[in-house]
Amino acid sequence: MTSATMTGYQISIMTTGIAAYALAIAGISAITSPAGAYESKSYAEIADRVFQSADRDGDGVLTETEYASAGLDRYGASFPTFDENADGSVVIEEYRSVFVRFHNTTDEREA
């Protein structure tokens, strides 16, 4: 199922899973500053950290194998969802774009 054919509920479930995994990889979305106040990380920052963690060989490109090895496929967002230009790989701009778009859509529905 592509993101274009997903229902709002399916996107919500998927983004909840992606967010949970992203928080685990990114070291939580809110971090404590030296003053003890919480600073929120933006979805783009979280997406970048998740991408960098999943990019095992550090070449700036996620392969489908790296995507699956990082466990990103278990949260309802298949590799092709992030491969916007369908070239068989995902660069950070593609990953960030989809990640932020899905999370912003979820936020708008919850507001």
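Residues numbered from 1 in each chain as written. Predicted model: local features only at pLDDT ≥ 70, side-chain atom pairs only at ≥ 80, totals over all residues. Heavy atoms only, no water.

Along the protein, the regular secondary structure elements total 5 helices and 4 strands. Written out in order from the N terminus, the α and β elements of the protein read α-β-β-α-β-α-α-β-α. The buried share of the protein, taken over its 111 residues, is 34%. For the protein, long-range pairs separated by at least 24 residues make up 50% of all intrachain contacts whose partners lie at least 6 apart in sequence. Summed over all atoms, the accessible surface of the protein reaches about 6100 Å², with 54% contributed by carbon and sulfur. (Helix = DSSP H or I, 4+ residues; strand = E, 2+ residues; numbered from the N terminus. Buried < 20%, exposed > 50% of the residue type's maximum accessible area, 1.4 Å probe, protein only. Contact = heavy atoms within 4.5 Å. Areas by Shrake-Rupley, 256 points an atom, 1.4 Å probe, with all protein chains shown as cover.)

Turning next to the packing of aromatic side chains. Under the definition given, this model contains 5 aromatic pairs. With a centroid separation of 5.5 Å and an interplanar angle of 75°, the aromatic rings of Tyr-67 and Phe-79 are classed as edge-to-face. Within this pair, whereas Tyr-67 is found in helix H3 (residues 64-69), its partner Phe-79 is found in helix H4 (residues 79-82), the two being separated by 12 residues in sequence. As far as the burial class goes, Tyr-67 and Phe-79 line up, both buried. Put simply, the rings of Phe-51, Tyr-67, Phe-79, Phe-82, Tyr-95 and Phe-99 touch in pairs and so form one group of aromatic residues. The aromatic ring of Phe-102 is capped on one face by Arg-101, whose charged end is 5.9 Å from the ring centroid. (Phe/Tyr/Trp six-rings, centres within 6.5 Å; stacked < 30°, edge-to-face > 60°. Lys NZ or Arg CZ within 6 Å of the ring centre and 35° of its normal.)

Turning to its location among the elements, Asp-55 is positioned in the loop between helix H2 (43-54) and strand E3 (61-62). Those residues in contact with Asp-55, other than ones at most four positions away along the chain, are Gly-60, Val-61, Leu-62 and Glu-66.

Taken as a whole, the protein shows an average pLDDT of 74; of its residues, 58% reach a score of 70 or greater. Counted against residues more than four places away or in other chains, residues 9-13, with its pLDDT under 50, gives 10 contacts. The low-confidence segment residues 26-39 (pLDDT under 50) makes 18 contacts with residues lying over four places distant or belonging to another chain. (pLDDT = per-residue confidence, 0-100.)

Attention shifts here to the pattern of salt bridges. One pass over the full model with this rule turns up 2 salt bridges. Note that Arg-96 and Asp-48 form a salt bridge whose closest N and O atoms lie 2.7 Å from each other. Remark: Asp-48 occurs in helix H2 and Arg-96 occurs in helix H5 (residues 92-110); sequence separation between them is 48 residues. In this structure Arg-96 comes out as partly exposed when scored by relative accessible area, which is 27%. Glu-84 is the partner of Arg-101 in a salt bridge, and the nearest nitrogen-oxygen pair spans 3.3 Å. Linking Arg-101 in helix H5 with Glu-84 in the loop between H4 and strand E4 (90-91), this pair joins segments that are 17 residues apart in sequence. Assessed through its relative accessible area of 37%, Arg-101 is described here as partly exposed. Under the relative-accessibility criterion, Glu-84 is labelled partly exposed at 42%. (Salt bridge = Lys/Arg side-chain N within 4 Å of Asp/Glu carboxyl O.)

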